Amino acid sequence: MGYSRTREYKGLLEYRNSKNILNFIFEWNRDYSFYCQIEFAGEQTDYPLSSVIERLKNSTDTKPAKFDTQFGERVNKWTKELKNDIPKLGIHLLTKSSEVIYKLKNEIEQQSLEYNQLLELEALKRSADEAWNSNNYQNYMNAVNGKLGQLPLSYSKKLEIAKKQIMKNNGL
């Protein structure tokens, strides 16, 4: 399999081979979670090894790993389990262009896109609501203009009222 321990910091053990990098991470300063990421040299994205293994096994059965109390013991226990999975599933052969990594990358990018769109929609609603609540009908129109298809129906109704109020305020 050719993995060598290449780096060790508090809460991080890194193993490399010629194809990929496995990082065992223990979040000692936050929530004490323990996980492994697979990454590839020159890439900024890393992938949860558990997700890669699930896909390689064609399984949706996710079980959280059970560990002992010390970080080193956790890594040793998990690596013993991985010792069987790595050659059996070909993890040591994975590259950034492997099909399972490509699909996982697309899934992560899609989730990120959907999340960002949700954040943008919430910001748009907040901006429109603030303008509406302060009776600034022009800002309300500017906020919702061209985006009514993404917003609840109530924003369309408020837009009609805002247009009437602007016309009334301008003496039209």
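As the structure is a computational prediction, the values presented were derived from the model and not from experiment.

Asker: Report on the overall build of the protein chain, specifying residues and quantitative values.
Answerer: Counting its regular elements, the protein chain contains five helices and five strands. Each helix and strand of the protein chain, placed in order from N terminus to C terminus, yields the pattern β-β-β-β-β-α-α-α-α-α. Looking at the protein chain residue by residue over its 172 residues, the buried ones come to 34%. By sequence separation, contacts in the protein chain at least 24 residues apart represent 44% of the contacts at least 6 residues apart. Carbon together with sulfur atoms contributes 48% to the accessible area of the protein chain, which is approximately 11600 Å² in total.

Asker: Please set out the packing of aromatic side chains residue by residue, giving values where relevant.
Answerer: The geometry of an aromatic ring pair is captured by the separation of the ring centres together with the interplanar angle, meaning the angle of the planes. Counting across every chain of the model gives five aromatic pairs. Ring centres 5.7 Å apart and planes at 85° place the aromatic pair tyrosine 15 and phenylalanine 24 in the edge-to-face group. Through a chain of ring-to-ring contacts, three or more aromatic side chains come together here, namely Trp132, Tyr137, Tyr140 and Tyr155.

Asker: Tell me about the pairing of strand β4 (residues 34-39), residues and numbers included.
Answerer: Within β4, five of the six residues are buried, which leaves it mostly tucked inside the rest of the structure. Both strand β3 (residues 21-26) and β4 contribute to a ladder of six bridges, which runs antiparallel. Looking across to β4, one finds that asparagine 23 is bridged to glutamine 37. Across three bridges, the pairing between β4 and strand β5 (residues 46-48) is antiparallel. Counted as the bridge partner of isoleucine 38 is tyrosine 47 from β5. Between the antiparallel neighbours β4 and β5 lie six residues, among them glycine 42 with a positive phi of about 80°.

Asker: Before we move on, can you summarise the nonpolar core with the specific residues and values?
Answerer: Counting residues in each nonpolar core, the largest one holds 23 residues, and the members touching the most others are Leu22, Phe24, Ile38, Leu49, Val52 and Ile91. Contributing elements (two or more residues each) for this core: β2 (12-16), β3, β4, α1 (49-56), α2 (71-89) and α3 (99-133). In this structure, valine 52 is in contact with Ile38, Tyr47, Leu94, Val100, Ile101 and Leu104, ignoring residues within four places of it in sequence. The next biggest cluster of nonpolar side chains, apart from the first, holds 14 residues, and it includes Leu124, Ala128, Tyr137 and Ala143.

Asker: Outline helix α5 (residues 153-169), listing residues and values.
Answerer: Because an α-helix packs 3.6 residues into every turn, residues spaced three or four apart end up facing the same way. Along its 17 residues, α5 runs 25 Å from first to last C-alpha, staying within 8% of the 24 Å computed at 1.5 Å per residue. Tyr155, Ser156, Leu159, Ala162 and Ile166 are the residues of α5 that are buried. Angular distribution of buried residues about the axis of α5 spans 110°; they occupy a single face of the element. The exposed residues of α5 that point more than 90 degrees off its buried face are Leu153, Lys157, Glu160, Lys164 and Lys168. Where α5 is buried, its residues touch α3 and α4 (137-144). Just beyond α5, the residue with positive phi is glycine 171, at close to 75°.

Asker: Before we move on, can you summarise the sheet that holds β4 with the specific residues and values?
Answerer: Taken in spatial order, the five strands line up as β1-β2-β3-β4-β5 in an open sheet, and their pairing is antiparallel. With partners counted over all chains shown, the strands left at the sheet margins are β1 (4-9) and β5, one partner each. This sheet shows a mean twist of 25° between the axes of neighbouring strands, independent of strand direction. Helix-sheet contacts for α1 involve β3, β4 and β5, and the interaxial angle to β5 is about 65°.

Asker: Report on unusual backbone geometry, specifying residues and quantitative values.
Answerer: Peptide bonds are trans in most cases, and residues, glycine excluded, mostly fall at negative phi. Phi at asparagine 135 takes a positive value of approximately 60°, unusual for a residue other than glycine. Within the secondary structure, asparagine 135 sits in the loop between α3 and α4.

Analysis parameters
Residues numbered from 1 in each chain as written. Predicted model: local features only at pLDDT ≥ 70, side-chain atom pairs only at ≥ 80, totals over all residues. Heavy atoms only, no water. Helix = DSSP H or I, 4+ residues; strand = E, 2+ residues; numbered from the N terminus. Buried < 20%, exposed > 50% of the residue type's maximum accessible area, 1.4 Å probe, protein only. Contact = heavy atoms within 4.5 Å. Areas by Shrake-Rupley, 256 points an atom, 1.4 Å probe, with all protein chains shown as cover. Phe/Tyr/Trp six-rings, centres within 6.5 Å; stacked < 30°, edge-to-face > 60°. Pairing = 2+ DSSP bridges. Core = buried A, V, L, I, M, F, W, Y, C linked by side-chain atoms within 4.5 Å. Expected span 1.5 Å × (residues − 1). Arc of directions from axis to C-beta. Axes fitted to C-alpha atoms, helices over the stretch in contact; angles between N-to-C directions.

Scope: geometric values only; no functional claims are made or implied.
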